[in-house]
Every structure is written in structure tokens, then in C-alpha cells.
Amino acid sequence: MDKERSSTILDSLSYLSDHAGFYGTIKNSSADFVVTEINVNGQLVTNDCGNRTEEFIKTNNDGDHHNRNQKQKIISKDVCDTSVIDNSTSGTESDPNNYLDNTVNESETQSDNLHNCPLNLDIQESLNHFASCIKTTWKTQVDGDCAQELSLGLFPDKNKRATIHSAVRQTFPFLMTVTKCTEVLIKPNPEYRELCQLTSEEEADEFFKFLDAKTENSRFTFQPDDRKEHRTAVHHFINKKFGKLVETKSFSEKNTDGFQNVSITVRFREKLGSSRKRHRTEGTDPHNVYTAFTLQKENIETLDAISYMSSGLGVLPSDFSYAGIKDKKATTYQAMVVKKVTPTRLLQIESFLAKKGMKIYNVHSVNQPLRLGHLAGNHFSIIVRDVKNHSKDSSANVKERISEAIDSIKTKGFINYYGPQRFGQRLNCQSHDIGLALLKEEMETSVKLLFSPDTTEDPVNIAKQYFLKTEDAKGALALMPDCKIRERMLLRALNRYGMNRDGCIRGWLSIPHSMRIFYVHAYCSKIWNEATSYRFLCYGAKVVEGDLVLSDHNADEKSSLTDRVHVVTAAEESANTYSIQQVVLPMLGHSIRYPTNKVGQWYEETLATAGLQTCKFRVGALQLNLPGCYRHILKFPRNLSYELTLENPTKSEERINAEFVSTSTQCMRVTFELDLSCYATVCLREMMKCNF
């Protein structure tokens, strides 16, 4: 890893112990740094990988697999094996307009829809003639003697009427059905005709059948459209006519030629509190569908991975829940849950995810989302390469230094700093700088900091340089690579609303909340790191008067975390009532208390220097609210073990053993487990006495 990059974050922070340590490099490749989440039951999330997914695929019917492989799929059905009506049409004798010639093999299903409803053959012939006449009239613009209404007869039974309504609309989506008392009437659908002025008849057919089917958790996607004005017209039409029923969103994706495809996706709105009857399944929320899975990713941030998946599925990033953020430059395995998507639908985007460096395993239905922090910790398997003594250390061989370091970590632990990945990987401006500007509500400054370029001349920095020089958001958007999701989101908003305070606020609001608050958390984490370092410099590993400890004394189910925080008294210090493992320090927020010793004074002076002495840790304009929390200052790894090898062994084993100390190509594989929110890089920093 680039030591220059992280030196501004960890280099000045104190160490816990005084062992010599050793030198090495980590994260030379994503395979060198493997992180696997441990669930609340103490099991690795990879333990079940593949098993439930394979079982799920085997139990699906063949039709689902056929649909998944179709090249042209307009409607994505998310309810496995529960389709009531086939959302496909084709040209047949009963459909004389032949407006979908390429799906003739689906005509039987369409015919069945009409033939299975309670209409006699004479009525069906009249209906076919009426439909043909309406289509001919629309095409020729000649009214002729075509009637504008057709009665299908009287049907006192409500269920029969419902069957007729559905069958007619699915067979002839350009017609509408109404009920007068018990009479079913058929009329031309003017909204269908209006949509045909914006889209093809094929798309209009599929869209209206999608609306009529009302299949829960389904979505409809129009063909890609590179004309923004036309997309806007489609958005406006759908929102004006059906805005209470559905919502629309544009999604972009590169095609095989490298060009950007933009498509409009439509999905049904949530109807919270609706009294409409719903099919209930045991153990499942009556309104929402949740699918759990294990995500494997390489060289991609968790939030960016969610953005890619939400785009591929046509859902919002906020529909994903997870227990924790994982490293970017690593191979990571973590549990996730996505809302409004079934296992069938999720498995349909496997090939799309593979192109982005992601895989999914253990796909299965659950009845609730994940909670942030709902995990037992993480398991790490790390390869440290180029292992050797520090340049100024020649008093012992590296094997002795490693053994000494491992023993120290096992017995003394490590200071629980936030790791460098918490602060981003930028050189000239880091995430905590942006977070400070947001806390001070300096909106224009925060945007300029986000677009501060590094020293390299890659496409991202070229786009940033252009924007800072010209404030031309549209031009910068054209230069910004597609992979920079949050930058592109913000540029789109700035192009629309301008580079002013209101425009910057709207720009930040266009970014998902989890991404916005990341920057503020980065600043709070930086302050916590510095406060913890100062505390160990002042008091070492001894618990002193004024320290904060987490105590379970008199705690009950209604106790808040702040109620459990206790200030150590002089008597308790003398009696050694508490251990260093119980000491915590606060993360900045509006509902925390500070130590009453020198560390509390340090917090006060630091916030004043930063201009935050009156900060309420609420940024209403950006919907950011930071109550604060507490973090233990000391942690211990579990199940720590290591082994030394040669990176490229070419000699005999005897020669390797004889030259083991002098070789410069030694590497160490180290494995251990950490509690949630602990950083492996920080544990290694204390062990090796070098920054990453």
C-alpha cells in the first residue's frame, strides 16, 4: 500500500507496546487480503456459499430458467412460480394486428387467457372484430362505422367479471374495460394511444399489461433511449397518468460498444397502510419481499457495489441492507439483504455482477432486512510480503521479531484506531476534510473539496481539474468515468441547479444517505483517533480518574448506551475497579458525554480550533443527524496464527531453511478474527510497527 497516502492519518498516532516489530507490505493484490464476515451465530458467511443457491435453482421450474435466458425481456417478474397471467403477446388469428411477430411461440398462452374466461364464442368473435376495428381506425385515422363501445353482457358474479377484465386487458392492452352495474363494457384506451406517440406499439402493449397484472415486486423497462428530451416526455406522461400507482427512474449502463445506454424503469409504488388484500406467506412480511445473499467482491467499495446492483435490479440503493462496510482493495465476503427483489430476480443479474468483479452465493428468502452492526466480527487471512527487519534494526533476525510481535499482540492487544480505509485513498484532500466542511455547512467548499484532484493525470483527475477551473458541470460529467458514481450523481445535480449553495445542497442530496454521512463519519473518526492517541500518551494503559467506562451495573433493557457510561472516580482509580478493556472514548455527536480529565479538555480545544465549538452535529439541509456513540480504546485479536514461507521457493527445502533469515523474499500468512468495527490494518500496524 502507498505509505505516503496513509501517513497523514496514522503516522503521528501513538503505539501501545514497545516491541521492535518488522517491515512488510500488504494488499499487493486483492487475493492477499481476504475478509470474511462472521454472522451473529459465530459462523463465517461463506460456510453456506453455493448450497442454498444450488438448492434454490433445482427447485425452480424450467420456465423460470427459460425466461432468465431470453435476449429480449421487457418485464422482470420477481415472484417465483406465482405468475397469474403471462405478460407476453403475439400475432395470432385472435389478434389480427400482428404487432409482436417475434414471439409467436407465446400465442397459445394469450389465446388461453381469452378462451378460459366465461365468454361464449359469439361474444369472443365480436370482441376480436371490435379490437381489429379500433386498431384499423387508429392506423388509418378514419372513423368509419366502428363503434366506440362494446357490451360483453351481464355478469352478476364478481369473480367472473374480474376474470373477464383481466383476460381482455391482457389480450388487448389497447382496450379498457369498465363495469356498469353488472354489465362489462369495452372501450378504446386513450392513454394507450397517447403512449404510442412516445413509444412503439410493442412497448405500449407490454407496459399496459404490466400495469394490469399488478404483479407485486415486478418492474417494467423501456428500450434504451439516448434522447434526454424524449425520456423526459415519457417520465412526465407516466407520472401524470399513473403517478399514484407507479414510479419511474432512469438507469444507465455501458453497452458492448462502450456507449452509454439509458433506460426508463417503472415499478409499483409502496402502499403503506393500504387495506387492499395481499397474499400472505408464513414468516414473510405481507408487504415486502426480502432476499438474503452473500456478496463476494474484489477491488470495489461496498457502497459502489450496492450502486451497481441497484442499477442492475432497478431498485434504489436504500433497498439494500448490510451489517458492515468492507475494504475496497481486498477480496471480501459479506451478508446482504435486498428488499423488493426475489431470489429468481437476483440470480438473473449474475453475469452483470461478474463483469463488475462481484459474485453472489447463498441466495435465499428472508423476512427482514439486515441491521448495521448485526455481526459478530470478521475473519482475516492476510499475506504480508517482503518481510524483513526495519532498516535500523540489525540486532535480531526477522523470525525472532515476528515471534516477539505476535506474543505482544496476544497479551497486550492493540489500540483500536479507525483504519486508513475509513478516510479514503486520496492524496491532496481526504474524506475527513470534506466531512468537516459539511459539519460547518460550508456547502460550496465541500463540493470543491470532493472534486480536488490528485497529482496524477488520469481521466478522473482531468475531469476534476476541468470542473474546478470552469465550474462547467455538464462538461465535467462528460469527462468523468462511469465508475465514479457519486461524482457523476453530484455533477448531474449541479448541472441542473447550479454551483451555488442551493445547488450544492441538492447535489449532496442526490447522493444516497450512506454516502453522504460517510464523509462526516470520517471526520469524527479522525478526531477519535487523535483523542485516543493523546489519552495513551497521557495515561498509558492505566485506568485513571475521569476516564469513561462501559458498565453493566444497574443496566436493564431500557437503558441507553449513555446510561451505561460511567466516569471513573479517584477512589475507583486507587482500587483498580476497572480494566483498560472497559475504557471508551466518545465519537462526536449531540448525545454523548466527554471524559472529565485532560482528554475531555483536548476534545473541547480541538473542536474550538476546527470552528465546531457551537456545532449541534445536525445538518438539517443534508438530513444528517449524529447522536454520537462510544468506542473501546483497546482490542485483542482472536485465534491469531501465522506461518512463514518463501514467495518464490526455487531451492531445495534444506537450502531454504539454511537461508531463511537472509532472504528478502519471505512472506507471512497471518490469520485472525476481530470484533466488528475493528481494523486488521490497525492490528498489523501495532504488530509490525509500520503504517499502511
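Residues numbered from 1 in each chain as written. Predicted model: local features only at pLDDT ≥ 70, side-chain atom pairs only at ≥ 80, totals over all residues. Heavy atoms only, no water.

Residues and numbers for the overall build of the protein, please.
The secondary structure content of the protein amounts to 25 helices and 24 strands. Burial status across the protein gives 51% buried among its 692 residues. Long-range pairs, those at least 24 residues apart, make up 71% of the contacts in the protein between residues at least 6 apart in sequence. When the accessible surface of the protein is totalled, it reaches about 33400 Å², and 48% of it is carbon and sulfur. (Helix = DSSP H or I, 4+ residues; strand = E, 2+ residues; numbered from the N terminus. Buried < 20%, exposed > 50% of the residue type's maximum accessible area, 1.4 Å probe, protein only. Contact = heavy atoms within 4.5 Å. Areas by Shrake-Rupley, 256 points an atom, 1.4 Å probe, with all protein chains shown as cover.)

Would you mind going over helix H13 (residues 398–412) in detail, with residue names and values included?
Look at H13: 21 Å from first C-alpha to last across 15 residues, which is about the 21 Å you get at 1.5 Å a residue. Taken as a whole, H13 has its buried residues at Val 398, Arg 401, Ile 402, Ala 405, Ile 406, Ser 408 and Ile 409. Buried residues along H13 cover an arc of 160° about the axis, so they all sit on one side. Against strand E14 (377–388), strand E15 (414–415), strand E23 (638–646), strand E24 (666–674) and helix H25 (680–688) lie the buried residues of H13. (Expected span 1.5 Å × (residues − 1). Arc of directions from axis to C-beta.)

Tell me about the sheet that holds strand E21 (residues 629–632), and please be specific about residues and values.
Within a sheet, neighbouring strands are paired by backbone hydrogen bonds and run either parallel or antiparallel to one another. Spatial ordering of the open sheet is given by E17-E16-E18-E21, a layout of four strands whose pairing is antiparallel. Strands with a single pairing partner mark the edges of an open sheet, and in this sheet they are strand E17 (565–567) and E21. Taken over all neighbouring pairs, the strand axes of this sheet differ in orientation by 50° on average, direction set aside. Inspection of the sheet shows strand E18 (residues 583–587) paired to E21 by four bridges, in the antiparallel sense. By the bridge assignment, Leu 585 is partnered in E21 with Arg 631. Across the sheet, helix H20 (residues 513–539) touches E18 and E21, and the angle it forms with E18 is around 145°. (Pairing = 2+ DSSP bridges. Axes fitted to C-alpha atoms, helices over the stretch in contact; angles between N-to-C directions.)

I'd love a proper account of the packing of aromatic side chains, names of residues and values included.
Tallied over the entire structure, the rule returns 23 aromatic pairs. Taken together, a centroid distance of 5.9 Å and an interplanar angle of 85° make the contact between Phe 208 and Phe 242 edge-to-face. Linking Phe 208 in helix H8 (residues 201–213) with Phe 242 in helix H9 (residues 228–242), this pair joins segments that are 34 residues apart in sequence. Per residue, the accessibility class of Phe 208 equals that of Phe 242, and both read buried. Relative to Tyr 603, the ring of Tyr 594 lies with its centre 5.0 Å away and its plane at 50°, an arrangement referred to as tilted. What makes Tyr 594 partly exposed here is its relative accessible area of 27%. Pairwise contacts between aromatic rings join Phe 172, Phe 174, Tyr 192, Phe 207, Phe 208, Phe 210, Phe 220, Phe 222, Phe 237, Phe 242 and Phe 268 into one cluster. One residue, Arg 506, lies across the ring of Tyr 497, its end atom 4.3 Å from the ring centre. A cation over an aromatic ring shows up here: Arg 631 above the ring of Trp 528, its NZ or CZ 5.4 Å from the ring centre. (Phe/Tyr/Trp six-rings, centres within 6.5 Å; stacked < 30°, edge-to-face > 60°. Lys NZ or Arg CZ within 6 Å of the ring centre and 35° of its normal.)

I'd love a proper account of the environment of Leu 436, names of residues and values included.
Take Leu 436: it is sitting in helix H14 (residues 431–439). Along the backbone, Leu 436 and Tyr 523 are 87 residues apart, and their C-alpha atoms lie at a distance of 6.0 Å.

Kindly report on the side chain of Lys 340, identifying the contributing residues and their values.
On the secondary structure map, Lys 340 appears in the loop between strand E12 (331–339) and helix H11 (343–347). Here Asp 319 takes part through its side chain, which lies 3.4 Å from a polar atom of the side chain of Lys 340. (Polar contact = N/O pair within 3.5 Å; in protein donor to acceptor, adjacent residues only side chain to side chain.)

Provide a residue-level description of the pattern of salt bridges, including the pertinent values.
If you walk through the whole model with that rule in mind, you get 26 salt bridges. The closest approach of N and O atoms between Arg 488 and Asp 482, which form a salt bridge, is 3.6 Å. Exposure remark for Arg 488: the relative accessible area of 12% places this residue in the buried category. Judged by its relative accessible area of 27%, Asp 482 is partly exposed. Among the salt bridges present, the one from Asp 675 reaches Lys 635, with a minimum N-O distance of 3.0 Å. On the criterion of sequence distance, the pair formed by Asp 675 in the loop between E24 and H25 and Lys 635 in strand E22 (residues 634–635) is long-range, its members being 40 residues apart. (Salt bridge = Lys/Arg side-chain N within 4 Å of Asp/Glu carboxyl O.)

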